[in-house]
Amino acid sequence: MRQKTLLIDMDSVICDLMTEWHKRYNQEYNDDLSVEKLLCWDSEKYVKQKCGLKIYDFLDEPGLFLNLKPIENSIEVLQRLHTKFNIFIVTSSRTYAYTEKEQWVEKLLPFIGKNQLIFAHKKEMIRGDLLFDDAPHHLLAFTETNRLAIAMDYPYNRSVNVPRVSNWLEFEQFVNEKWGKRDG
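Residues numbered from 1 in each chain as written. Predicted model: local features only at pLDDT ≥ 70, side-chain atom pairs only at ≥ 80, totals over all residues. Heavy atoms only, no water.

**Some remarks on the overall build of the protein**
Next up, step 1: For the protein, the count of helices and strands is 5 helices and 6 strands.
Next up, step 2: Taken from the N to the C terminus, the helices and strands of the protein come in the order β-α-α-β-α-β-β-α-β-β-α.
Next up, step 3: Whereas a compact globule of 184 residues would reach a radius of gyration of roughly 16 Å, the protein reaches 16 Å, a difference of no more than 12%.
Next up, step 4: A principal-axis box enclosing the C-alpha atoms of the protein has dimensions of 55 × 35 × 25 Å.
Next up, step 5: For the protein, the proportion of its 184 residues judged to be buried stands at 50%. (Helix = DSSP H or I, 4+ residues; strand = E, 2+ residues; numbered from the N terminus. Rg over C-alpha atoms; globule rule 2.2 N^0.38 Å. Buried < 20%, exposed > 50% of the residue type's maximum accessible area, 1.4 Å probe, protein only.)

Next up, the structure:
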């Protein structure tokens, strides 16, 4: 049997983008934005009016992506899954983020490495058996290709009808139950 290929998103799946992004916005605009308040993908709907679309400018600040913290258990689970599956990190990107994401992967996920990192805005075009993502538009587009998409559960993606997990241990269990607990 051919080894399955898992496509894994970076931001808000492997690393915690929302906490740092919202912290920068909250400091500048004296607000209390958090991921729990985002009921849809469009963050500009949840910020102060004087900020509006400028919320996305924080994503272009040098150092933001380089210093994100891994989501709990993400690195350990990826290490285990890497022995059973082909893993590609598939992420979309902005300005500085290309280099910073590559450096982040090299530092924290050397067992995967930058050669398994794909930058794409249309993730459904990448060959793989499963996409683990948080963005509603990526989850929907991938399922429209008749492949399996799994959501890292957040309020902003709950309208998408796909299997969902709330953490990396649940994701690992899901994948192992789906494709067996084969040894390396």
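Text resumes after the structure shown.
**Considering helix α5 (residues 168-179)**
Side chains of residues three or four places apart in an α-helix project in the same direction, reflecting 3.6 residues per turn.
Next up, step 1: Between the first and last C-alpha of α5 there are 16 Å, a value that for 12 residues agrees with the 16 Å anticipated at 1.5 Å per step.
Next up, step 2: Listing the buried residues of α5 in full gives W168, F171, E172, V175, N176 and W179. Seen from one end, α5 has its buried residues packed into an arc of 130°, which puts them on one side.
Next up, step 3: In this structure, the buried side of α5 is in contact with β1 (5-8), α2 (74-82), β4 (130-133), β5 (148-152) and β6 (164-165).
Next up, step 4: Capping the start of α5, N167 holds a side-chain oxygen 3.0 Å from the backbone nitrogen of L169, two or three residues further along.
Next up, step 5: Looking at the residues trailing α5, positive phi occurs at G180, about 80°. (Expected span 1.5 Å × (residues − 1). Arc of directions from axis to C-beta. Contact = heavy atoms within 4.5 Å. Polar contact = N/O pair within 3.5 Å; in protein donor to acceptor, adjacent residues only side chain to side chain.)

**Concerning the sheet that holds β5**
Sheets are built from strands that pair by backbone hydrogen bonding, the pairs being arranged parallel or antiparallel.
Next up, step 1: Ordered in space as β3-β2-β1-β4-β5-β6, the 6 strands form an open sheet in which the pairing is parallel. Strands at the two margins of the open sheet, each flanked by one partner only, are β3 (117-119) and β6. (Pairing = 2+ DSSP bridges.)

**Quick notes on the pairing of β5**
Walk down a regular strand and you will see the side chains alternate between the two sheet faces.
Next up, step 1: Burial runs high along β5: 5 of the 5 residues are buried.
Next up, step 2: Because side chains alternate across β5, one face comprises the buried residues L148, I150 and M152, and the other comprises A149 and A151, equally buried.
Next up, step 3: For the crossover from β4 across helix α4 (residues 136-143) to β5, the handedness is right-handed. (Right-handed = clockwise from strand over helix to strand, strands pointing away.)

**Description of the pattern of salt bridges**
For side chains bearing opposite charge, pairing can occur when the charged atoms are close.
Next up, step 1: Across all of its chains, the model carries 12 salt bridges by this definition.
Next up, step 2: The salt bridge partner of E20 is R24, with a shortest N-O separation of 2.9 Å. Of this pair, E20 and R24 both sit in helix α1 (residues 17-29), 4 residues apart, which is roughly one turn of the helix.
Next up, step 3: On the basis of relative accessible area, E20 is assigned to the partly exposed category, the value being 22%.
Next up, step 4: With a relative accessible area of 17%, R24 lands in the buried category.
Next up, step 5: One salt bridge connects R80 with E172, and the closest N-O pair in it is separated by 2.6 Å. (Salt bridge = Lys/Arg side-chain N within 4 Å of Asp/Glu carboxyl O.)

**Considering the packing of aromatic side chains**
Next up, step 1: Under the definition given, this model contains 11 aromatic pairs.
Next up, step 2: For the pair Y25 and Y29, a centre-to-centre distance of 5.2 Å together with 25° between the ring planes defines the contact as stacked. With Y25 and Y29 both in helix α1 and 4 residues apart, the pair spans about one turn of that helix.
Next up, step 3: The exposure class of Y25 is buried, given its relative accessible area of 0%. (Phe/Tyr/Trp six-rings, centres within 6.5 Å; stacked < 30°, edge-to-face > 60°.)

**Regarding the pairing of β4**
Next up, step 1: The two faces of β4 match: L130 and F132 on one face and L131 and D133 on the other face are all buried.
Next up, step 2: As paired strands, β1 and β4 are joined by 3 bridges and run parallel to one another. By the bridge assignment for β4, I8 is matched with F132.
Next up, step 3: Across 4 bridges, the pairing between β4 and β5 is parallel. Each bridged residue has a counterpart across the sheet, and for D133 the counterpart in β5 is A151.

**Some words on the nonpolar core**
Next up, step 1: Counting 49 residues, the largest nonpolar core has I8, F132, W168 and F171 as the members making the most contacts within it.
Next up, step 2: For this core, the secondary structure elements donating two or more residues are β1, α1, α2, β2 (86-91), α3 (97-108), β4, β5 and α5.
Next up, step 3: Excluding its chain neighbours within four sequence positions, the residues that come into contact with F132 are L7, I8, D9, V13, I150, A151, M152, V165, W168 and F171.
Next up, step 4: In terms of nonpolar packing, the next biggest core, distinct from the first, is built from 11 residues, L7, F142, A151 and V162 among them. (Core = buried A, V, L, I, M, F, W, Y, C linked by side-chain atoms within 4.5 Å.)

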